[in-house]
Amino acid sequence: MKPHSGTLVIDISGSGKAEAYEGVYQCTAHNEHGTAVSNNIVVRQSRSPLWSKESNPPFVVQEGASLVLKCRPPAGLPPPVIFWMDNNFQRLSLSRRVSQGLNGDLYFSNVEVSDSRSDYICYARFPRTQTIQQKQPITVRVVNMDAINETWPGFLNETDFFDGQTEERRPSFQVPSGPSSSMMVLRGQLLEMECIAEGLPTPEITWSKVSGELPSNRATYLNFHKTLRIAAVTEADSGQYRCTAKNTLGSIHHVITVTVKAAPYWIEAPQNLVLAPREKGQLICRASGNPKPSVSWFMDGLPIHNAPEDSRRKVEGDTIMFEDVVSGSSAVYQCNASNEHGYLLANAFVNVLSEPPRMLTPPNKVYQVIMNQRAALECYSFGSPIPKITWFKENHTNAALEGDPYIFYDNGTLVIPVAQATNSGKYTCVALNMLGKSDNHVHLEVKEPTRILKQPEYKVVQRNRDVVFECPVKHDPSLIPTMIWLKDNGELPDDERFVVDSDSLTITEVTESDAGTYTCIMNTTLDQDSASADLRVVEQPDPPSDLELTDQKPRSVQLTWIPGDDHNSPIKRFLIQYEDSLHDHGSWHNLTEVPGTRTTAHLKLSPFVHYKFRVMALNDVGYSLPSPSSRHYKTRAAAPDENPTGVEGLGTQPDNLVIHWKPLTGLQSNGPGLQYVVYWRQKYVDEDWHSVKVANVSKFTVQGTPTFTPYEVKVQAVNEHGSGPEPPPVTAYSGEDLPKAAPHNVQVQVINSTLAHVHWEPVSLSSVRGHLKGYKVYYSRKGSLHNHSPHHSEQQVLTFSGNRTHGKLPGLHPFSRYALNVRVYNGRGEGPASSDEDFATQEGVPGHPAFLRVVNPSLDSLTLEWGPPHDRNGRLTGYTLKYQPVNNSNELGPLKEVTVAANETSFTLPNLKYSTRYKFYFNAKTQKGPGPTITQEAVTVIDEAMASRQVDIATQGWFIGLMCAIALLILVLLIVCFIKRNKGGKYPVKEKEDAHADPEIQPMKDEDCTFGEYSDNEDHKPLKGSRTPSNGTVKRDDSDDSLVDYGDGGDGQFNEDGSFIGQYSGRKERDTAECIESSEAPSPVNAMNSFV
């Protein structure tokens, strides 16, 4: 015995014999609480006995007969492994015809002459002793009938002769024997059934289960289907199994009945039991088997019926029940379940113990899970009585957790099947029994799952290009991610061309070896996600090779080739090109295309050509390089197969006809000496064909033809070997001449002020003397109906194609005189003009007045001057003047309208308001209506008398005192404002220019209550129609093109000293504090204005 151990060591390395220690051993462990026993341990010595010496006579068998070579190995422990070899230690070849049985014998279904040998040796390998035993060699001689009758007559009697040919025979079983057999196997073990048959030809073996199916997931076939093996046998494998041997002459069956027995196995093994005093419990020992096992109980290694009587313990078959236990009654109980095939033994410790709860799970353990996964929080505890476990969650009131989504297990584990972010937090488990309680805290952290946002895409890339696989990932920020890329489920090649980034893989200068499946894997400590994409590397195909010409005929040949590598992009088609070294040496032309699945093409050829062929392959990337050219193939000359195309005739002069055609190519000539025979004759006239033979040209001119006369023409190809086919005639016309007649009866119908309709009678077709192209209308404006002075505008022309008799003239000038004529034209030019036809257009609306300006402004009136429209377009019936006031905020007042006579060129508006800006709208009108409007703005002057009265009031004493009081108040307010500005308020307004000598003082504006301070606004827009100077005059230069003449053209008005009035304009919508922020005190005049 080893010290402090239950291990028994038997040392037989000395003089001891192993046989002396064979037997059955059992271990017993004992302490103050009881005795436990082990299963029986059988010790036996491994043996590898020698093969008994024997003499093996040779086997002489006729070819085709069956044969069995017995092995009969010595019995060993464990049984030996059998195999057959020859003298050279080479395993004998096994097949459907020659096989080894489960017992080690060698079976021949039928022998062949090649089976003759003298070294059939059976070997037995004993695995425990690592030794191999060898049987004496066996000799086998296989002979056929001829060899027996010819070579053995001197050695055999007449009765020993083999007569008759080797005949084929039906199968019969070599093993097992008879039509049926049976076997028994234990549950859980390996079942092997064997059927070996002899016959000629060699039979085939099949297996089936009678009244059932073979267990496909546990059944395998060995030894060329001669052995059926079923692993992990169950009771359902009981039944009849049929093996069938079959050849061409018939079949035979054998039925094996399998009975499945079972050594005892556990249904419910007894478990250790911890009981508190006065508790009750039970030990259960349930086992099954075939036959059914018997159950016996032991206490501390002794049969329980030999143990002291105890009323608190009751044995009922496979159950022991305990009631009202007391301290000191702890013991170890053994359950033994056995039948004829084996036994089961289990120890169960019944411990009567009083113990308060004690936590076994480490405190403050942190559990991290991924969202939507299972979270299991452990709370292992120990106590007697068994503690009750209750779970609580922080910030979840004081109520115990229960119900959905929580699952509670007896061992205290709390499970959340689908964890969510809201389940994160601190959990407390409490273990409680009658002796006390214990608690423990654990923490649950629910993390965001790792997800690949976009899977890498399938890529098709040309060789030497770059490719990028993108794999963007989202993960929980508290987890550290690791990105791994794999190629074909292995590591990436150790190549600097592979660049791994945080969310992508870049492969530069891709090669064909880079093709494969790439997988990005994002790992964290809790989870991972992966995605894959394929890379296909493509390039242009290799050129075809080995061009060969076959089936050679005068006008065709068969071309075959071997395709090149398509480089992962299937070939879509092949392009066949040819070179004509006789007519166009060095130039390759496309001949035909064939689908990419073909490697032959039947080529149609032309005569008198020296061909060379080459082939190009096309895939999705592009064309391959051309293949090496084929050998020359020359075709014989022949007469032309076709005539020139594009034959047409057209005269260039009134007395000729030029015949054109498209000449044939060298490939189309079919032979040497190519010429063209040109034929022509007048159509509709009974005359013979005229002809001429020409060469190396593509046109011929026929002279002396009548003007514009139809002809029939044709061109035929000829060479030294004959003429081409008869060409069809083509209609052509001799040259055109100018038309000799003019259209007549020209009429004009005026539709409106800008549109007229022209009618004419067409000329006769014979006078056209050519192809009628159409008619042209020439027209020009002679002047306006308003005044009769001549006006010669440029002549205009409108063309009307075809044989038309009318047309429309758009875009005419209203109220004008026009003249027109009509001419016919053909392909050569225009004919004579018709007589001129005069017409006048109707009135239209007038154009805008030539100008509008304001002169002589006064306090309450403005005078407007204008010029009549340049384009009156009719008789003026008057003018319309509309006007309205405009205030300082550009708001428009009421609109008034005045009608002015047509002969007037000025108009004065009385009763206007002084110092007010007005906007004017002015247009002319005819009987057709008003014309476009022009606008202008102007301002009435300021009242000087009011200004002088204001100065007189300012000299009064009472007014001076009042102004001083106001100035003092303003000074106080200015001091307050200055203090506020120093605290981050508004900057002071810029002071006025000290050098300003103009006595005119700006009045305070009612709208924005400013005292005329300097405007710091960036928007310096000019004020249209600014106030005029106090002298009542408008300052103008010598030019008539004044700012007033163009409504929006002015940039503001100026004082007499040249200063711009608008520079002191106030800002709108200021509050009261802004109203008093002035850079200087107001003058009495301004103050008075504010009160007025």
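For the structure, check the block above.
Scoring rules and cut-offs
- Residues numbered from 1 in each chain as written.
- Predicted model: local features only at pLDDT ≥ 70, side-chain atom pairs only at ≥ 80, totals over all residues.
- Heavy atoms only, no water.
- Helix = DSSP H or I, 4+ residues; strand = E, 2+ residues; numbered from the N terminus.
- Buried < 20%, exposed > 50% of the residue type's maximum accessible area, 1.4 Å probe, protein only.
- Contact = heavy atoms within 4.5 Å.
- Areas by Shrake-Rupley, 256 points an atom, 1.4 Å probe, with all protein chains shown as cover.
- Pairing = 2+ DSSP bridges.
- Axes fitted to C-alpha atoms, helices over the stretch in contact; angles between N-to-C directions.
- Patch = residues over 30% accessible without salt bridge, like charges linked within 9 Å, V, L, I, M, F, W, Y side chains within 5 Å.
- Salt bridge = Lys/Arg side-chain N within 4 Å of Asp/Glu carboxyl O.
- Expected span 1.5 Å × (residues − 1).
- Polar contact = N/O pair within 3.5 Å; in protein donor to acceptor, adjacent residues only side chain to side chain.
- Disulfide = S-S within 2.5 Å.
- Phe/Tyr/Trp six-rings, centres within 6.5 Å; stacked < 30°, edge-to-face > 60°.
- Lys NZ or Arg CZ within 6 Å of the ring centre and 35° of its normal.

Peer 1: Hey, could you run me through the overall build of the protein in this one?
Peer 2: Along the protein, the regular secondary structure elements total seven helices and 79 strands. Looking at the protein as a whole, 38% of its 1092 residues qualify as buried. Pairs at least 24 residues apart make up 65% of the contacts formed inside the protein by residues separated by at least 6 positions. As presented, the protein carries roughly 60700 Å² of accessible surface, and 50% of it is formed by carbon and sulfur atoms.

Peer 1: Can you walk me through the sheet that holds strand β51 (residues 556-562) in this structure?
Peer 2: To summarise the sheet geometry, strands pair through backbone hydrogen bonds and adopt either a parallel or an antiparallel arrangement. With antiparallel pairing, three strands are arranged side by side in an open sheet as β50-β51-β54. In this open sheet, the two edge strands, each paired with only one partner strand, are β50 (545-553) and β54 (600-604). On average, each strand axis in the sheet is inclined to that of its neighbour by 25°, with strand direction left out of account. Bridge count for β50 against β51 is five bridges, and the pairing is antiparallel. Paired with T550 across the bridge in β51 is Q558.

Peer 1: Would you mind going over a nonpolar patch on the surface with me for this structure?
Peer 2: On the surface, L968, L971, V972, I975, V976, F978 and I979 cluster together into a nonpolar patch covering about 660 Å² of accessible area. Its place among the elements puts V976 in helix α5 (residues 957-982). V976 gets classed as partly exposed once you look at its relative accessible area, which sits at 42%.

Peer 1: Any chance you could explain α5 here in plain terms?
Peer 2: Each α-helix turn comprises 3.6 residues. Residues three or four places apart therefore point the same way. The end-to-end C-alpha distance of α5 is 37 Å, a good match for the 38 Å that 26 residues give at a rise of 1.5 Å each. Where α5 is concerned, the buried positions are F959, M963, I970, C977 and R981.

Peer 1: Can you walk me through the side chain of S834 in this structure?
Peer 2: Relative to the elements of secondary structure, S834 occurs in the loop between β70 (816-826) and β71 (837-840). Within the structure, S834 has its side chain in polar contact with the backbone nitrogen of V822 (distance 2.9 Å). Here S834 is in contact with A742, P743, V746, N821 and V822, once residues within four sequence places are set aside.

Peer 1: Just to check I follow, could you spell out the state of the cysteines for this structure?
Peer 2: Within the structure shown, the criterion is met by five disulfides. Disulfide partner of C71: C122, at an S-S distance of 1.9 Å. Taking the sign of the torsion about the S-S bond as the criterion, the disulfide between C71 and C122, at about -70°, is left-handed. Residue C71 is located in the loop between β6 (67-69) and β7 (81-85), and its partner C122 is located in strand β10 (residues 117-126); the two are separated by 51 residues in the primary sequence. For C71, a relative accessible area of 0% corresponds to the buried category. Here C471 pairs with C520 through a disulfide, and the sulfurs are 2.0 Å apart. Disulfide C471-C520: torsion about the S-S bond near 55°, hence right-handed. Taken together, the residues C471 in the loop between β42 (467-470) and β43 (473-474) and C520 in strand β48 (residues 516-523) connect sequence positions 49 residues apart. Residue C520 is classed as buried on the basis of its relative accessible area, which comes to 0%.

Peer 1: Please explain the sheet that holds strand β41 (residues 459-462) as it appears in this structure.
Peer 2: One open sheet accounts for five strands, arranged β41-β49-β48-β44-β45; its pairing is mixed. Only two strands of the sheet have a single neighbouring strand rather than two, namely β41 and β45 (490-491).

Peer 1: Can you help me understand the packing of aromatic side chains in this one?
Peer 2: For any pair of aromatic rings, the description consists of the separation of the ring centres together with the inter-plane angle of the planes. Under the counting rule described, the total for this entry stands at 22 aromatic pairs. Taken together, a centroid distance of 5.5 Å and an interplanar angle of 45° make the contact between W760 and Y775 tilted. You can see W760 sitting in strand β66 (residues 756-761) and its partner Y775 sitting in strand β67 (residues 772-784), a full 15 residues away along the chain. Pair check on accessibility: W760 and Y775 agree, each one buried. Ring centres of W760 and F800 lie 6.0 Å apart, and the angle between their planes is 50°; on these two criteria the pair is classed as tilted. Linking W760 in strand β66 with F800 in strand β68 (residues 796-801), this pair joins segments that are 40 residues apart in sequence. Like W760, the residue F800 is buried in the burial classification. In textbook terms, an aromatic cluster arises when at least three aromatic residues are bridged by ring pairs, as seen for F83, F89 and Y123. In this structure, R187 is placed above the aromatic ring of Y265, and the distance from its NZ or CZ to the ring centre is 3.8 Å.

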